[in-house]
Amino acid sequence: MVRAVVGANWGDEGKGKITDMLAERADIIVRFQGGANAGHTIINDYGKFALHTLPSGVFYSHTTSIIGNGVALDIPVLCKEIQSVVDRGVPAPKILVSDRAQMVMSYHKNFDAYEEERLGGKSFGSTKSGIAPFYSDKYAKVGFQVSELFDDELLREKVVRITAQKNVLLEHLYHKPAIDPDELYNELQEYKRMIEPYVCDTSLYLYNALKEGKEILLEGQLGTLKDPDHGIYPMVTSSSTLAAYGAIGAGIPPYEIKKVITVCKAYSSAVGAGAFVSEIFGEEADELRRRGGDGGEFGATTGRPRRMGWFDCVASKYGCRMQGATDVAFTVLDVLGYLDEIPVCVGYEINGEVTTDFPVTHLLEKAKPVYKKLAGWKCDIRGIKTYEELPENCRKYIEFVEEQIGYPITMVSNGPGRDDIIYRG
Ligand code: GDP
């Protein structure tokens, strides 16, 4: 069976923790999109880890971790990450990399930084990991696929062709140093040396695994609202964040995805620019940011302070719908225990009318939040193991959100650890 773990919001919902937890009973964990731009934070018996490229299942010795064809593969980052987990006592993970994955090149990172510089104040808030230039090249059909590393003649010809094209932009648009084709060829040779042990036809591997009845987890990065089609375009990421794309980015049939576990955080946070209707500011935001996540809401990749907001039912309902949620994992609920009352955004007022349907970006920018205040529970809920033991106001908060979003909350996460989970229903 295939299950997908994906985000309902802007990312950072705690997907890493949920994947790590579910990986205990999985055979294979697949990353199917995104790159090293976002990160998962995972806390387990080995310590605390910030993973950017490795799937969250690498901590179990019984699992195989796959970097699917849909991923923006940053080979030096991947190898560094493998080394960093091994250095901290984690048994060497079994990793397979799709021969159809494409590679993030050092020039993609440069182009990312140059473009942010060119845009100045109008920038998208990129993490400068090369993701947007990478996916642009992939779809412009000028990317480098892992398989191509193993055809030297093809590679030499392509390096010359791509360098010529990139150098026009570097010289005339960005006024930056040109790429030397020999250096690029050498970079690719280095990548080949590093990645060779892991490369295979991962879709065939998954096909056989499915026939054998293996348990497969697809691990998404970011969340619905960062999807290039269904998110807050153009303040989105460059690959689809939806479970549906899991089929493509892993190379499996869509009908194999039986469960879509959609991770939804009990309050909101976002990184980068873009409309964020239930955003809060000042001391109120600082306090939530300080208490949020595990040790504060700061980017796992960049360390940037995240933008904070109250739970947004409009965005989350839409987020779950576009994922096709079969289960909602409601996370980081423990963090809200300090509040006397908790505002929840239940509607958007746009041009004088209130809606509960998530709009397109230019209307979203006009939306004002309509809040309902729920009573807080004023205690620490960490350590609680059953739903019935949760304080009444906490259950009311969960049930209110569940009714508003219209999808079943079957898991409640009340702490960052693997065991901090309450199953429901
Ligand atoms: P991801 O990218 O969706 O995996 O999310 P991140 O790892 O960026 O952010 C989630 C943060 O919240 C991490 O620091 C987790 O350790 C932490 N976390 C996850 N679930 C919970 C929870 O239920 N309670 C608390 N307090 N922290 C959590």
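Residues numbered from 1 in each chain as written. Predicted model: local features only at pLDDT ≥ 70, side-chain atom pairs only at ≥ 80, totals over all residues. Heavy atoms only, no water.

Glancing now at the overall build of the chain. For the chain, the helix and strand inventory stands at 12 helices and 21 strands. For 425 residues, the compact-globule estimate of 2.2 N^0.38 gives 22 Å, and the chain sits close to it at 22 Å. Seen through its C-alpha atoms, the chain measures out along the principal axes to roughly 65 × 50 × 40 Å. When the 425 residues of the chain are sorted by exposure, 57% land in the buried category. Contacts spanning at least 24 positions in sequence make up 75% of the contacts within the chain whose residues lie at least 6 apart. Of the roughly 17500 Å² that the chain leaves accessible, carbon and sulfur atoms contribute 51%. (Helix = DSSP H or I, 4+ residues; strand = E, 2+ residues; numbered from the N terminus. Rg over C-alpha atoms; globule rule 2.2 N^0.38 Å. Buried < 20%, exposed > 50% of the residue type's maximum accessible area, 1.4 Å probe, protein only. Contact = heavy atoms within 4.5 Å. Areas by Shrake-Rupley, 256 points an atom, 1.4 Å probe, with all protein chains shown as cover.)

With that settled, the discussion passes to the site of the ligand. Taken together, 21 residues lie around the ligand, and G16, H40, T41, D334 and S413 are the ones closest in. At a separation of 3.3 Å, a nitrogen atom of the ligand approaches a polar side-chain atom of R382. Protein burial of the ligand: of its 580 Å² of free accessible surface, 97% is covered by the chains. Sorting the residues of the shell around the ligand by element identifies helix 1 (15-22) and strand 3 (40-44) as the ones contributing at least two each. A per-class count over the shell around the ligand returns 4 nonpolar, 9 polar and 8 charged. (Near = heavy atom within 4 Å. Polar contact = N/O pair within 3.5 Å; in protein donor to acceptor, adjacent residues only side chain to side chain. Nonpolar A, V, L, I, M, F, W, Y, C, P; charged D, E, K, R; others polar.)

Think of a sheet as strands paired side by side through backbone hydrogen bonds, with each pair either parallel or antiparallel. Spatially, 10 strands are ordered 9-7-5-2-10-1-11-16-20-21 in an open sheet, and the strand pairing comes out mixed. Where the open sheet ends on each side, the last strands, each with one partner, are strand 9 (199-200) and strand 21 (421-423). Summarising the sheet, strand 2 (residues 28-31) and strand 5 (residues 64-67) pair through 4 bridges and their orientation is parallel. When the bridges of strand 5 are listed, R31 appears paired with I67. (Pairing = 2+ DSSP bridges.)

Summed over all chains, the structure comprises 0 disulfides. Its sulfur unpaired, C313 is 7.0 Å from the next cysteine sulfur, which belongs to C345. Residue classification places C345 among the buried positions, given a relative accessible area of 0%. (Disulfide = S-S within 2.5 Å.)

Here we come to the sheet that holds strand 14 (residues 307-309). Spatially, 3 strands are ordered 12-14-13 in an open sheet, and the strand pairing comes out antiparallel. On the outer flanks of this sheet lie strand 12 (268-270) and strand 13 (279-280), each paired with one strand and no other. Each of strand 13 and strand 14 is contacted by helix 9 (residues 282-291), which is oriented at about 100° to strand 14, the strand it contacts most. (Axes fitted to C-alpha atoms, helices over the stretch in contact; angles between N-to-C directions.)

On to the domain arrangement of the chain. Looking at the chain, the domain boundaries give domain 1 (2-86 + 204-423) and domain 2 (102-197). On a C-alpha basis, the centres of domain 1 and domain 2 stand 30 Å from each other. The interface of domain 1 with domain 2 comprises 26 residues on the first partner and 20 residues on the second. When the two sides are added together, the surface that domain 1 and domain 2 hide from each other amounts to roughly 1700 Å², 62% of it contributed by carbon and sulfur. Our count for the contact surface shared by domain 1 and domain 2 stands at 1 salt bridge. The salt bridge involving K109 is made with D74; its shortest N-O contact spans 2.8 Å. Where domain 1 meets domain 2, there are 6 residue pairs in polar contact (both at pLDDT 80 or more). Mapped onto the side of domain 1 that touches domain 2, the elements with two or more residues apiece are strand 6 (72-73) and helix 2 (75-87). The greatest single-element share of the side of domain 1 that touches domain 2, amounting to 5 residues, is contributed by helix 2. (Domains from an automatic or database assignment. Buried area = accessible area lost by both parts, 1.4 Å probe. Salt bridge = Lys/Arg side-chain N within 4 Å of Asp/Glu carboxyl O.)

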